[in-house]
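The residues making up each chain are set out below.
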Amino acid sequence: SNCPSNGLCSRLPPDCMTCNTNYSCVYGKPATFDCKVKPHVHCVDQNNHEQENFTINMTCQFCWQLATTDYVCTNSTNCMTVSCPRQRYNATCTVLDHIHCLGNRVFPKMLYCNWTGGYKWSTALALSITLGGFGADRFYLGQWREGLGKLFSFGGLGIWTLIDVLLIGVGYVGPADGSLYI
């Protein structure tokens, strides 16, 4: 059911074919694999001729070594992106159907936390410059305790406001939920 009919053999998902192991495969170098379509699967070559046996050309590498554009991973929204050192999370990655590689097509990978909660850096900076003395920038970023402190101290008599403009401007102060700016 996952195998398309009458498409190019070289674009078939790996579940639709069986390939012989190429023992002369040299890591990182181009390699050729002899493959055969599974029963009830029909595919064609570039000249639109039906084929049963065909070859696949690919780089000899394991699935976990592919470029990040060749697989998709699960995302985590419960880790802090603005932390030092940067946090990582365990993701489960799956290789795209038309990509061929060696080894398991589903693999674990440690990825950096990288998500956004919808806060814009430009909005935070504009609020810090214009209404920072009243804590509007800190309220916007979800840091309500600091916002109250700035509000009742008139921005730390202006000193806290100037420091916050600098800290938000360079991206040191971010959203309270740990997300990245948009």
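Note that the structure is a prediction, hence the values are computed from the model and not measured.

Here is what the cut-offs are and how they apply
- Residues numbered from 1 in each chain as written.
- Predicted model: local features only at pLDDT ≥ 70, side-chain atom pairs only at ≥ 80, totals over all residues.
- Heavy atoms only, no water.
- UniProt positions renumbered as here; feature names shortened; annotations may be inferred.
- Helix = DSSP H or I, 4+ residues; strand = E, 2+ residues; numbered from the N terminus.
- Phe/Tyr/Trp six-rings, centres within 6.5 Å; stacked < 30°, edge-to-face > 60°.
- Buried < 20%, exposed > 50% of the residue type's maximum accessible area, 1.4 Å probe, protein only.
- Lys NZ or Arg CZ within 6 Å of the ring centre and 35° of its normal.
- Disulfide = S-S within 2.5 Å.

A. Geometry of the UniProt feature "transmembrane region" (unreviewed entry) in the protein chain. Within this numbering scheme, the UniProt entry marks residues 151-173 as carrying the feature "transmembrane region" (unreviewed entry). Secondary structure across residues 151-173 comprises 74% helix and 0% strand; the distance between its end C-alpha atoms is 18 Å.

B. Here's a closer look at the packing of aromatic side chains. Inspection of every chain in the model, using the stated rule, returns two aromatic pairs. Note on Tyr71 and Phe107: the rings are 5.3 Å apart at their centroids and 75° apart in plane angle, and the pair reads as edge-to-face. On the criterion of sequence distance, the pair formed by Tyr71 in strand 7 (residues 71-73) and Phe107 in strand 9 (residues 106-112) is long-range, its members being 36 residues apart. Assessed through its relative accessible area of 6%, Tyr71 is described here as buried. Ring geometry for Tyr119 and Tyr140: centres 5.5 Å apart, planes at 90°, overall edge-to-face. With Tyr119 in the loop between strand 9 and helix 1 (121-131) and Tyr140 in helix 2 (residues 136-140), this residue pair connects regions lying 21 residues apart in the sequence. In this structure Tyr140 comes out as partly exposed when scored by relative accessible area, which is 25%. One residue, Arg88, lies across the ring of Tyr112, its end atom 4.1 Å from the ring centre.

C. The arrangement of the state of the cysteines in detail. Evaluated as defined, the whole model comprises five disulfides. Two residues, Cys73 and Cys93, share a disulfide whose sulfurs are 1.9 Å apart. Across the disulfide from Cys73 to Cys93, rotation about the S-S bond amounts to roughly 105°, and the bridge is consequently right-handed. One end of the pair, Cys73, is in strand 7; the other, Cys93, is in strand 8 (residues 88-95), and 20 residues separate them in sequence. Exposure remark for Cys93: the relative accessible area of 0% places this residue in the buried category.

D. Here's a closer look at unusual backbone geometry. Positioned with a positive phi, Asn48 is a non-glycine residue whose angle comes to about 70°. Positionally, Asn48 belongs in the loop between strand 4 (43-44) and strand 5 (50-51). Take Asn48: its relative accessible area is 61%, and that puts it in the exposed class. Positive phi values are uncommon outside glycine, yet Leu157 reaches one of about 55°. Locating Leu157 in the fold gives a position in helix 4 (residues 154-157).

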